[in-house]
Each structure stands twice: as C-alpha cells, then as structure tokens.
Amino acid sequence: MRDLAAHLVRWHAEGAAYAVATVVAARGSAPLPLGAAMAVDGSGAVRGSLSGGCVEGAVYELCAQVLATGEPARQTFGYSDSDAFAVGLTCGGELDVFVQRISPSQYRVVEAALDPSRPVALVRDLSTAAVAAVTAESVITDGGDWPDPVVEQARALLHQGASGLRTIGCGPAAREILVTAHAAPPRMIVFGANVFAAALCRVGKLLGYHVTVCEGRAAFADRARLPEADEVVADWPHRYLRATPVDSRTVLCVLTHDPKFDIPVLVEALARPVAYIGAMGSRRADAERRARLREAGVTEDQLARLRSPIGLQLGGRTPEETALAVGAEIVALRHGGSARSLSGTRRPIHPGTPEVRESDAVRAADHRVRS
C-alpha cells in the first residue's frame, strides 16, 4: 500500500472519501500477492492494481458500493471454467479481496502506516474495518480496541517482514485480522562508481532496494554522477562493508573491476550471510580473482556463493543491458527461478503453484475459443 502513499496523502489533504481494496488471500497463479491494494475515491479516480487488469472492473464496482454504503465487503474472484467471459482471473488463480471505506478518523493511522522512514504494520479488522498502525514501540489506532494478542501477532509479522491473515481468539469472539507489514527496504550495496553502477542504481530502485554506492576514489564518489542512488559513500569498499549493517536480504554488487578493491571486499562479503554477491569481470578476470581469493583464505563453499561473472547471460552489452542482467539474476535467485524463457518450460509462472500439463492448457484454451 505504500506505493499509493502520495495519492492517499493528497486525498487526505482534500478530505476526500475513498475505498481501499486489498488482496487478503491469493491461490494458484494469481498475478499479485497478499497485501496488493487498489484505491478508488468518490470521483471515481483509481490508483493501484490488484490483478494486472483481470478483475479491476469488478473490484471498482465493489469499491463504489462500499463508498456508498460504508459497509466493508469481501469477495472472491477466480476463473470460471463454465463461463469464459465471467469476471475472473484468466490465469487460473483466485483472489480474496477485502474492501473498506477509509474515514477521516482513520487518516492519521493510514499515514503512519505509509511512513517510509520506519518499519510499520497496517492492521485491519476484517469484521469492523477498524485500523491500527503497529511499530516495535507503539500502536496508533482509530479508537478501536486492539488487544495484546493482536498487537503481538502484528509485531511478529513485522519482524519477519511478512504480511498475513490471522485469526485471533476462537468462537464468537474470534477476530480475523489482516496484517500488511512494511519493513525497511532491503539494501543493495554497489561497489565502484562507474557507468554500470549508475545503471544498476536505476534497476535496484525499480526492484525496491535502498541503494548505496561505495567508491574508494573520492574524486569519483560524486553524488551528481549517481542521481538514482540513495547514498554515495567515499571509502575503501572492504572497510565500509566491515562497518555497515547487512542482513539476509542484502545484495552486494562488486563493479570495481580492480583487484586492490575487489579482493578485500569479496573476502569480507563472502564471510557474511547476505542474499547475493556478484562481481563484474571477464572469464579470465574471474579465474584470476578466484585464485587470489583462495590465496586469501576463502573456502570453496564460500566461493560457490560468488556470482561471477555477474548477471545472467542475456547477451547485452550496454550498461543498461548489463544492469538488467544483474537485476534478473537477483530476482531469479531470490525466488528460485530457472532464468529460462517461460515459453521454453512448463514450470509454474509463480512459485508454489501447480505445474500445468499441456493437455490441460490446450483444453482450457479450446474452451475459451469455443465459448
């Protein structure tokens, strides 16, 4: 929902009434995950997306209904095999969507949840449409009752950086809550301030990373040369990495292409539990680099984590094409992707969905054509 922040804050300033539709469950090959949101204001303006286009029209009508009545609504959307023109997901997935009207009394809570400067979870009661913003230290509410078990669940999900649907309590007193966690963005640290780094900054921002560029030569650590970076640091790469916090979501991209920088920072990087470590260079440079790293005491298990030469083999040559190849490799590694063309494999498009047999796909396509 943070991707809607600028629009929602503007609507708040105007005192506009609006409804928010949120994916509370996704099954099968659904286009967007739990927590994806779309907002509709009283004039009919639409911001955000839930499915990439499949069900937006029907959700729009549901938002208009909720705006008119003030009553929250929940509805399931999925592909109807009996009617190919029914409202649903042609990809075969299924979404549960919850829609609520946001009242002026809830503006403060929503804005707290949209604050990009801190990790915060937006918590919604699916029965009453009450909202709360939960951080590690505080709870901001719209006046509703939020017992300790709800807050504890929200903080647990926030700590994991995960969103989820939870049932608190049992029987008539049970509460179903949606927790949308907005953790601090993961870090991408790029070592070396060159044209490839400038292009990779753009890709990193597109993928949702907080991007830092570290350059050992002060003359090249110029903020004006790297406008897409969140920060630019002039320091020896290994010294900076040794002193900076990283975690299991951090990606490290070594683009310095100079052994006096590469080897010390990679020795430091390969000893850390980060998500991705890549280094730029030719096949010859990679072989020499690996030999130097072994001499520096790096183990074979550690070397196996090194993505070098960096990026997928897309065949590109420009800095932008190279940055795209690096970003694609990071995404593939994060989700266990094959990095093969979807048209050349029958594996599921989205992780965790069943593999579609060719006969099933042919029958479904034939049914749609005949209908």
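Our subject is the structure listed above.
About the cut-offs
Residues numbered from 1 in each chain as written. Predicted model: local features only at pLDDT ≥ 70, side-chain atom pairs only at ≥ 80, totals over all residues. Heavy atoms only, no water. Salt bridge = Lys/Arg side-chain N within 4 Å of Asp/Glu carboxyl O. Helix = DSSP H or I, 4+ residues; strand = E, 2+ residues; numbered from the N terminus. Buried < 20%, exposed > 50% of the residue type's maximum accessible area, 1.4 Å probe, protein only. 1 Å grid on protein atoms, 1.4 Å probe; cavity = no way out; pocket = protein on both sides within 12 Å on 5 of 7 lines; lining within 4 Å. Points joined across faces, edges and corners; volume = space filled by probe spheres on them. Nonpolar A, V, L, I, M, F, W, Y, C, P; charged D, E, K, R; others polar. Pairing = 2+ DSSP bridges. Contact = heavy atoms within 4.5 Å. Axes fitted to C-alpha atoms, helices over the stretch in contact; angles between N-to-C directions. Phe/Tyr/Trp six-rings, centres within 6.5 Å; stacked < 30°, edge-to-face > 60°.

Here we look at the pattern of salt bridges
Note on pairing: side chains with opposite charge can pair once their charged atoms come close.
Now for step 1: Scanning all chains against the criterion turns up 15 salt bridges.
Now for step 2: Across the pair Arg187 and Glu231 runs a salt bridge whose closest N-O atoms are separated by 3.6 Å. Here Arg187, found in strand S11 (residues 187-191), pairs with Glu231, found in strand S13 (residues 231-234); they are 44 residues apart in sequence, far enough to count as distant.
Now for step 3: Between Glu215 and Arg217 there is a salt bridge, with its nearest N and O atoms 2.8 Å apart.
Now for step 4: Residue Glu215 is classed as buried on the basis of its relative accessible area, which comes to 2%.
Now for step 5: Through salt bridges with shared partners, a single network forms among Arg74, Asp96 and Glu176.

Comments concerning empty space enclosed by the protein
Now for step 1: For the coordinates displayed, the defined rule picks out one cavity of 30 Å³ or more.
Now for step 2: Roughly 30 Å³ of internal volume is contained in the largest cavity.
Now for step 3: Phe196, Leu200, Leu255, Met280, Pro319, Thr322, Ala323 and Val326 are the residues that line the largest cavity.
Now for step 4: For the lining of the largest cavity, the leading source of residues is helix H10 (residues 319-335), giving four residues.
Now for step 5: Split by residue class, the lining of the largest cavity holds seven nonpolar, one polar and no charged.

Side note on the sheet that holds strand S15 (residues 276-279)
Now for step 1: If you trace the six strands from one edge of the open sheet to the other, you get S13-S12-S11-S14-S15-S16, paired in parallel fashion. Of all strands in the sheet, those with a lone pairing partner are S13 and strand S16 (306-307), marking the two edges.
Now for step 2: Helix-sheet contacts for helix H7 (residues 259-269) involve S11, strand S14 (251-254), S15 and S16, and the interaxial angle to S14 is about 165 degrees.

A word on the packing of aromatic side chains
Now for step 1: Considering all chains together, one arrives at three aromatic pairs under this definition.
Now for step 2: On the basis of an interplanar angle of 50 degrees and a centroid distance of 5.3 Å, the ring pair of Trp11 and Tyr18 is categorised as tilted.
Now for step 3: In this structure Trp11 comes out as buried when scored by relative accessible area, which is 6%.
Now for step 4: The interplanar angle of 15 degrees and the centroid separation of 6.5 Å between the aromatic rings of Tyr18 and Tyr107 together place this pair among those described as stacked. You can see Tyr18 sitting in strand S1 (residues 18-27) and its partner Tyr107 sitting in helix H3 (residues 107-114), a full 89 residues away along the chain.

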